[in-house]
There are 2 protein chains.
Amino acid sequence: MMFVVLGNTEVSLIPGISIAGATAELTKLTPPADAEYLFYERPKIIDTIPVTPEGHPTPAIITKAAKELANFPIIVVRGGTYLAPLVPHVHISSYVGRDFRKEKALPETREIIDRASLFGEELNKLNLGEVVIGESTPGGTTTAQAVLWALGYDAKTSSASLDNPQPLKEKVIAEGFKRAGIKEGELKDKPLTALEEFGDPMMATVVGIARGFKGRVILAGGTQMLAVAALLRAMGGELERFTIVTTKWVIKDKSSTFKETAEGLGVEYQYANLDFSKSKFKGLRDYERGYVKEGVGAGGAAWLALKRGFTERDIERKVEELYEKLTKNL
Amino acid sequence: MMFVVLGNTEVSLIPGISIAGATAELTKLTPPADAEYLFYERPKIIDTIPVTPEGHPTPAIITKAAKELANFPIIVVRGGTYLAPLVPHVHISSYVGRDFRKEKALPETREIIDRASLFGEELNKLNLGEVVIGESTPGGTTTAQAVLWALGYDAKTSSASLDNPQPLKEKVIAEGFKRAGIKEGELKDKPLTALEEFGDPMMATVVGIARGFKGRVILAGGTQMLAVAALLRAMGGELERFTIVTTKWVIKDKSSTFKETAEGLGVEYQYANLDFSKSKFKGLRDYERGYVKEGVGAGGAAWLALKRGFTERDIERKVEELYEKLTKNL
């Protein structure tokens, strides 16, 4: 079973921070649109799939391809978004993360974690063995880096952009740390405070589900899942039952510290080795140049399909087919 | 796995129709409070469990007792309520059924059914075999009777009251039929219209889940589930994979036509044979006089616990214990 946890944070509205939407304002709709696209030919809340300003398609297309091939169940979870997705989903909260330069990001952290834990506990009764948890959270690599820094990890998170806006992220984080009156590593033993000050509702939800559920957890994502793993570790959890599964594009990204930070944290990771270099579509070929990289649990969904006997080529072909269908219906 | 589908309808606000709340206004809070009580020592949205105006406790106490004994998972589903329950839940809609004397009850019927079907389809991938679906819908026996009449069943639905307000229900239904310009049985072949005109979001949600899910479905409720079964049959579904599981108190109720209507419909039924006559508490002993009777899937939850090797006496003892805890904390 796979979960896709949706989160919004006002941080995605800071110009230049996120390209998980055609405009900063549209990043508000990206999580529900991603979720809806997994179930329908196109989203419902808006008539087009989420794209970057340059038109690169959402990684939800990979998740959808893997789902359609391998037919595993996906449950959408609204960790905290502006709008409810127009598909059945588990409601955890409608709290959106605030701009942490100006105020605490998520005063509702405990409420979200408690509720998500209760949901994770119910899952134990289903004998699922393992769950895969992906996410869609525009601006989430900035909140992730802020949380990692607060917890004392000298990490650089990835970006859906070809040019990781690290200088901007670091400026924003510096302003947040100044507002909160803390220095890097100062919240090492205060993970809940780190989440309250700098986090987002996706992180709080994944932390909650992962603590309530007692089986193996695949954290399906890139550097944002490092922040989740760091929070779980700081909360006293063992990381043995967690594996981060991401994509080749995150692993290869030289602008981020995925491998170093994962190794520092002591969390196992794997990646799906998809290759879009031969795609007919520039939007997909550009994934090989470093656009988009990961999201909506793309790596973990691919991993689930591989586990069920499909190959990377099967997934690539299915993605091509889905993209073709989208361009035809434009 | 058990689902509890929450629904509200403005019909519960008609004076004298529903006692599923201490006042008519409080019936708005009954579904979320019932859901929360299943997971916590008391509800969150309000500090007391739902009671009738005379103080009889919600049948959620039976569902909770069965759940705590047999440890089966319960997933709360918000079919359509005024307020979201403060527990993790599957969100289908926030549409509340309207007063059908004045306007169509549920113009959003198709949207709710489609979304709930999609959820049911995802459940097929979990190999659950069977699901139990209960409900909490104040005023729901009136909408159920209206739908049954529209579909041509000369049924009388039950009531949580000792005095089933049949004359009032019939007056309300007559006004609704007049407003809609139809006669009894006239929507026999138009189940969606019957739902739109007179239904409630619980019915639409259960119909949707039951159609999407392909395994065995236990409809855990009394006469309201007859309306669901009648809708499923009118929509061309076979009723072989459905069983209504209710309580002895519904079966014994002379003011309703549970058995006759179930037999007319050709749907199988069973009931849990709980007995509260020896309870220390008047609120529970009164169940034997005909108060409350059923709700929140009480009969189906008891049936699940019985299937897992517990006895009726175990459940009664657990209910007694839970009620004792509530009275102590008052």
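All figures in this text were calculated on a predicted structure; none of them were measured in a lab. (Residues numbered from 1 in each chain as written. Chains lettered and ligands numbered in written order. Predicted model: local features only at pLDDT ≥ 70, side-chain atom pairs only at ≥ 80, totals over all residues. Heavy atoms only, no water.)

Caption draft 1: A look at the overall build of chain A. Helix and strand counts for chain A come out as 13 helices and seven strands. Each of the three principal axes of chain A carries a C-alpha extent, and together these read 50 × 45 × 35 Å. Relative to its full complement of 330 residues, chain A shows a buried share of 65%. Of all intrachain contacts in chain A linking residues separated by at least 6 positions in sequence, the fraction that spans at least 24 positions is 76%. Of the roughly 11600 Å² of accessible surface on chain A, a fraction of 50% belongs to carbon and sulfur atoms. The centroid of the 43 positive side-chain charges in chain A is displaced by 1 Å from the centroid of its 43 negative side-chain charges. (Helix = DSSP H or I, 4+ residues; strand = E, 2+ residues; numbered from the N terminus. Buried < 20%, exposed > 50% of the residue type's maximum accessible area, 1.4 Å probe, protein only. Contact = heavy atoms within 4.5 Å. Areas by Shrake-Rupley, 256 points an atom, 1.4 Å probe, with all protein chains shown as cover. Lys, Arg positive; Asp, Glu negative; His and termini not counted. Charge placed at Lys NZ, Arg CZ, Asp CG, Glu CD.)

Caption draft 2: Geometry of the environment of B:V90. Checked against the element boundaries, B:V90 lands in strand β3 (residues 89-91). Distance in space between the C-alpha atoms of B:V90 and B:G79 is 8.5 Å, their sequence separation being 11 residues. The contacts of B:V90, once residues within four sequence positions are left out, are A:P88, A:H89, A:V90, B:I75, B:V76, B:V77, B:R78 and B:F119.

Caption draft 3: How the structure looks around the packing of aromatic side chains. Following the criterion strictly, the structure yields 16 aromatic pairs over all chains and no others. Judged by centre distance (5.7 Å) and plane angle (85 degrees), the ring pair of A:F3 and A:F119 falls under edge-to-face. Taken together, the positions of A:F3 in strand β1 (residues 2-7) and A:F119 in helix α3 (residues 109-124) put the pair 116 residues apart, joining distant regions of the chain. Residues B:W249 and B:Y287 carry aromatic rings whose centres are separated by 5.2 Å and whose planes lie at 70 degrees to one another, so their mutual orientation is edge-to-face. Taken together, the positions of B:W249 in helix α9 (residues 248-252) and B:Y287 in the loop between α11 (282-285) and α12 (298-307) put the pair 38 residues apart, joining distant regions of the chain. Each member of the pair, B:W249 as well as B:Y287, carries the same accessibility label: buried. Above the face of the A:Y82 ring, A:K28 is positioned so that its terminal group lies 5.0 Å from the ring centre. (Phe/Tyr/Trp six-rings, centres within 6.5 Å; stacked < 30°, edge-to-face > 60°. Lys NZ or Arg CZ within 6 Å of the ring centre and 35° of its normal.)

Caption draft 4: Summary view of the pattern of salt bridges. Considering all chains together, one arrives at 50 salt bridges over all chains under this definition. A:E175 is the salt-bridge partner of A:K171, the closest N and O atoms lying 3.3 Å from each other. One end of the pair, A:K171, and the other, A:E175, are both in helix α5 (residues 166-180), four residues apart, so they sit about a helical turn from each other. As a salt-bridge pair, B:K318 and B:E321 come within 3.2 Å of each other at their nearest N and O atoms. Of this pair, B:K318 and B:E321 are both found in helix α13 (residues 312-328), three residues apart, which corresponds to roughly one turn of the helix. Judged by its relative accessible area of 16%, B:K318 falls in the buried class. (Salt bridge = Lys/Arg side-chain N within 4 Å of Asp/Glu carboxyl O.)

Caption draft 5: Expanded view of the side chain of B:H89. Relative to the assigned elements, B:H89 resides in strand β3. A polar contact is formed between the side chain of B:H89 and the backbone oxygen of B:P85, at a distance of 3.5 Å. Dropping the residues within four chain positions of it, B:H89 is found in contact with A:H89, A:V90, A:H91, B:V76, B:R78 and B:A84. (Polar contact = N/O pair within 3.5 Å; in protein donor to acceptor, adjacent residues only side chain to side chain.)

Caption draft 6: Seen up close, unusual backbone geometry. All names here are of chain A. Despite not being glycine, N71 has its phi angle at roughly 60 degrees, a positive value. Inspection of the secondary structure puts N71 in the loop between α2 (60-70) and β2 (74-80). Since its relative accessible area comes to 45%, N71 is described here as partly exposed.

Caption draft 7: Looking closely at the interface of chain B and chain A. Each partner contributes to the interface: chain B provides 22 residues, whereas chain A provides 22 residues. With both sides pooled, the region where chain B packs onto chain A buries about 2100 Å², and carbon together with sulfur makes up 69% of that total. Close ionic contact of B:K67 with A:E122 constitutes a salt bridge, the shortest N to O distance being 3.4 Å. Inspection of the region where chain B meets chain A yields eight residue pairs in polar contact (both at pLDDT 80 or more). Looking at side-chain class alone, the side of chain B that touches chain A contains 15 nonpolar, three polar and four charged residues. Pairing between strand β3 (residues 89-91) of chain A and β3(B): three bridges, direction antiparallel. (Buried area = accessible area lost by both parts, 1.4 Å probe. Nonpolar A, V, L, I, M, F, W, Y, C, P; charged D, E, K, R; others polar. Pairing = 2+ DSSP bridges.)

Caption draft 8: Spatial organisation of helix α4 (residues 140-150) of chain A. α4(A) sits mainly inside the fold: 11 of its 11 residues count as buried. Where α4(A) terminates, the next one or two residues include A:G152, which has phi positive at roughly 95 degrees.

Caption draft 9: Geometry of the environment of B:K307. The residue B:K307 is located in helix α12 in this model. Here the side chain of B:K307 touches B:E130 through a polar contact of 2.5 Å, side chain to side chain.

Caption draft 10: Summary view of the relation of the copies chain B and chain A. Of the transformation placing chain B onto chain A, the axial shift is 0.0 Å and the rotation is 180 degrees, giving an RMSD of 0.0 Å. Taken together, the rotation and translation describe the operation of a two-fold axis. When C-alpha distances to the rotation axis are compared across chain B, the minimum falls at B:V90, with a value of 2.0 Å. Mapped onto chain A, 100% of the interface residues of chain B again fall at the interface, so both copies present the same surface. (Least-squares fit on C-alpha atoms with pLDDT ≥ 70 in both.)

Caption draft 11: Up close: the pairing of strand β5 (residues 216-220) of chain A. Residue and element names in this part refer to chain A. The buried count for β5 comes to four of five residues, which makes it a mostly enclosed element. Strand direction decides the pairing type here: strand β4 (residues 130-136) and β5, joined by four bridges, are parallel. Within β5, the residue paired with I133 across the bridge is L219. The sheet contact formed by β5 and strand β6 (residues 242-247) spans four bridges and is parallel. The residue bridging I218 from the neighbouring strand is T243, located in β6. With respect to chirality, the unit in which β5 leads through helix α8 (residues 223-234) into the neighbouring parallel β6 is right-handed. (Right-handed = clockwise from strand over helix to strand, strands pointing away.)

Caption draft 12: Representation of the packing of helix α4 (residues 140-150) of chain B against helix α5 (residues 166-180) of chain B within the structure. All names here are of chain B. Relative orientation of the contacting elements α4 and α5 amounts to 55 degrees, with a least axis distance of 10 Å. Here α4 lies oblique to α5, going by the angle between them. As for the relative orientation of α4 and α5, their crossing is right-handed in sense. Only Q166, K169, E170, V172, I173 and F177 of α5 make contact with α4, whose side of the interface consists of T141, T142, Q145, A146, W149 and A150. Of the residues in the contact of α4 with α5, the class split is six nonpolar, four polar and two charged. (Axes fitted to C-alpha atoms, helices over the stretch in contact; angles between N-to-C directions. Parallel < 35°, antiparallel > 145°, perpendicular 65-115°, else oblique. Left-handed = near helix turned anticlockwise from the far one by under 90°.)

Caption draft 13: Looking closely at α2(A). All names here are of chain A. Most of α2 sits out of view: nine of its 11 residues are buried. All of the buried residues along α2 are A60, I61, I62, T63, K64, A65, A66, K67 and A70. Positive phi shows up at N71, right after α2, with a value of about 60 degrees.

Caption draft 14: Summary view of the side chain of B:D200. Residues and elements named next belong to chain B. Secondary-structure assignment places D200 in the loop between α6 (191-198) and α7 (201-212). Among the polar contacts listed, one links the side chain of D200 to the side chain of T143, at a separation of 2.6 Å. There is a polar contact of 3.0 Å between the side chain of D200 and the backbone nitrogen of M202. Setting aside its immediate chain neighbours within four residues, D200 contacts T9, L106, T137, G140, T143 and L195.

That is the geometry; function is a separate question.
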